[in-house]
Amino acid sequence: GVGGRLIELNLANTRMSNAGAAALGGVLRRVSTLEVLDIGWNHIFPEGACAVLDPMIYHSQLHTVTLGWNRLGNKGGEVLAQVLYDNKSIQRLDVTHCRLGAGCCEELAAGLKNNQTIKVARMDGNPFKQGAPHLIDVIALKQEQGGVSVSIEGCGYDLVSHRTDADELNPTGHYVLDLANERQRAVLDTLLQLAAEEGGDAWRNERLNGKSFSYPSDGAWDPPDEGVLEVDVAKHNNVADDDESAMNGQDFDRLIGQVNNLASNSSKVMMVKRVAKDYSFSVEQAMALIATFFREKDREEAFVSLYSRIRKRKPAIPRMLLRLFEREWVPQLQSRLGVLQVFDLYRPAGKYRLNLSKFDDREVLQRLLEMQLTDTFEHRKAKWWFEQASFYPDPDSLRGSSRVDDMQKYNLNN
């Protein structure tokens, strides 16, 4: 304390339990001068957590709170959300490994969104699972505003690739949807419309309840009322060429600075996804933004997130692939976005996996066959051959048929 005033209180790892937390809650109601509170690593359960958290709503000096490694649970998470919503002083918050679950994610997201003082919030190690999407958009928004770092690593959800929302301008991404969930069902409606517009080629790697299928090329699919749909979606019509949301140079320089200042790769990817909802990018801007990531997996996620928002993208794809990715990584991008749309024109030799129920994939196979027959590449003589080609279903089931349409999947090394 200072001058008889209680400024900092460290009760970490003191086996406080619920009874001690209730007593501390009474102290917090009477003391308004506290600035730093650490009660991490105690045996505080939801009831005790609520007793401690509730008085914090009214504190005006408290700027650092550490609650990590206690059992707040969803009940404690709801009160924490109220603290975030109403408190006007807390700047640093640690609630790592507090058993916050999916049941309090919506409330926490609302609290974070309304909060104007938080600079660092560590929420790692909580089993948010399918509730995490509520937090992801708010975290990206806070990061975009600058000066705010919120982390939810190790939350039981793939923060980098999974989406459960669908933005009409930029729906490209990987989705895992619960078809019995009303909100996620609405997302599916948007994705179905896109698939119908592009004859099924907008959907890749479709799986329903873990079983592979292909969206019908005639654009008609009646999804079941329940189950889990997993799919990669890519919007190929380059609407970004005509929109007016281009990011100017000054804003882009600021964005690069913000991305570079973020500590975790998932936070950087989430920021890129958030910004891609509101802005389109030139080819050079997109390449500079993707180049801020060092791991190829993170570059892949940034590329996929930006794909539909890159102006004059189509002729630039081969150059982007050459500059940003090793050839061995290109099949992964092709798997998610389409082999034709991400055809590596400068390095066509490599592994391909073609789904011949897709029009675009059949066109790629035709192109490769023509290259083999003509023995040319970029108007020069070149020898091409197919290695380790395999068919699914088994080639024996295709015996007697010469139609490419009869084949579903075709793997080859060219």
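Since the model is a prediction, treat every value here as computed from it, not as a measurement.

How should I be thinking about the overall build of the protein chain in this particular structure?
In terms of regular secondary structure, the protein chain is built from 13 helices and 16 strands. Within the protein chain, the proportion of its 414 residues that are buried is 51%. Of the roughly 19,400 Å² of accessible surface on the protein chain, a fraction of 49% belongs to carbon and sulfur atoms.

Could you clarify how one ought to interpret helix 4 (residues 105–114) in this entry?
Residue pairs three or four apart in sequence face the same way in an α-helix, which turns once every 3.6 residues. Buried within helix 4 we find Cys105, Leu108, Ala109, Gly111 and Leu112. Taken end-on, helix 4 shows its buried residues confined to a sector of 165°, consistent with a single buried face. What points out from helix 4, more than 90 degrees from its buried face, is the exposed set Glu106 and Lys113.

Would you explain a nonpolar patch on the surface in this entry?
A cluster of nonpolar side chains, Leu322, Leu345 and Tyr346, forms an exposed patch at the surface whose accessible area comes to about 270 Å². Since its relative accessible area comes to 39%, Leu345 is described here as partly exposed.

Looking at this structure, I do not really get helix 9 (residues 283–290). What am I missing?
A large share of helix 9 lies buried, amounting to 6 of its 8 residues. The elements touched by buried residues of helix 9 are helix 7 (249–261), helix 8 (265–278), helix 10 (296–306) and helix 11 (317–324).

Just checking my understanding: could you explain the environment of Gln341 for this structure?
As for its placement among the helices and strands, Gln341 is situated in the loop between helix 12 (330–337) and strand 12 (351–355). Separated by 105 residues in the primary sequence, Gln341 and His236 have C-alpha atoms spaced 7.6 Å apart. Excluding residues that lie within four positions of it along the chain, Gln341 makes contacts with His236, Tyr307, Ile317 and Asp360.

Help me out: how do you make sense of the side chain of Asn70 in this one?
When you line up the elements, Asn70 lands in the loop between strand 3 (64–66) and helix 3 (73–86). Separated by 3.3 Å, the side chain of Asn70 and the backbone nitrogen of Ile44 make a polar contact. A distance of 3.0 Å separates a polar atom in the side chain of Asn70 from the backbone oxygen of Leu67. Ignoring sequence-local partners within four residues, the contact set of Asn70 consists of Ile39, Gly40, Trp41, Asn42, His43, Ile44, His97, Cys98 and Arg99.

Any chance you could explain the packing of helix 1 (residues 17–30) against helix 2 (residues 46–56) here in plain terms?
Axis angle and axis distance: for two packed helices, these are the angle between their axes and the distance between the axes, and together they describe the pair. In the contact formed by helix 1 and helix 2, the axes pass within 7 Å of each other and the chain directions differ by 10°. Between helix 1 and helix 2, the interaxial angle falls into the category roughly parallel. Residues Asn18, Ala21, Ala22, Leu24, Gly25, Leu28 and Arg29 of helix 1 form the contact with helix 2, whose own contacting residues are Glu47, Gly48, Ala51, Val52, Asp54, Pro55 and Met56. Each residue belonging to the contact of helix 1 with helix 2 can be placed in one class, and the counts come to 8 nonpolar, 3 polar and 3 charged.

Conventions adopted
- Residues numbered from 1 in each chain as written.
- Predicted model: local features only at pLDDT ≥ 70, side-chain atom pairs only at ≥ 80, totals over all residues.
- Heavy atoms only, no water.
- Helix = DSSP H or I, 4+ residues; strand = E, 2+ residues; numbered from the N terminus.
- Buried < 20%, exposed > 50% of the residue type's maximum accessible area, 1.4 Å probe, protein only.
- Areas by Shrake-Rupley, 256 points an atom, 1.4 Å probe, with all protein chains shown as cover.
- Arc of directions from axis to C-beta.
- Patch = residues over 30% accessible without salt bridge, like charges linked within 9 Å, V, L, I, M, F, W, Y side chains within 5 Å.
- Salt bridge = Lys/Arg side-chain N within 4 Å of Asp/Glu carboxyl O.
- Contact = heavy atoms within 4.5 Å.
- Polar contact = N/O pair within 3.5 Å; in protein donor to acceptor, adjacent residues only side chain to side chain.
- Axes fitted to C-alpha atoms, helices over the stretch in contact; angles between N-to-C directions.
- Parallel < 35°, antiparallel > 145°, perpendicular 65-115°, else oblique.
- Nonpolar A, V, L, I, M, F, W, Y, C, P; charged D, E, K, R; others polar.

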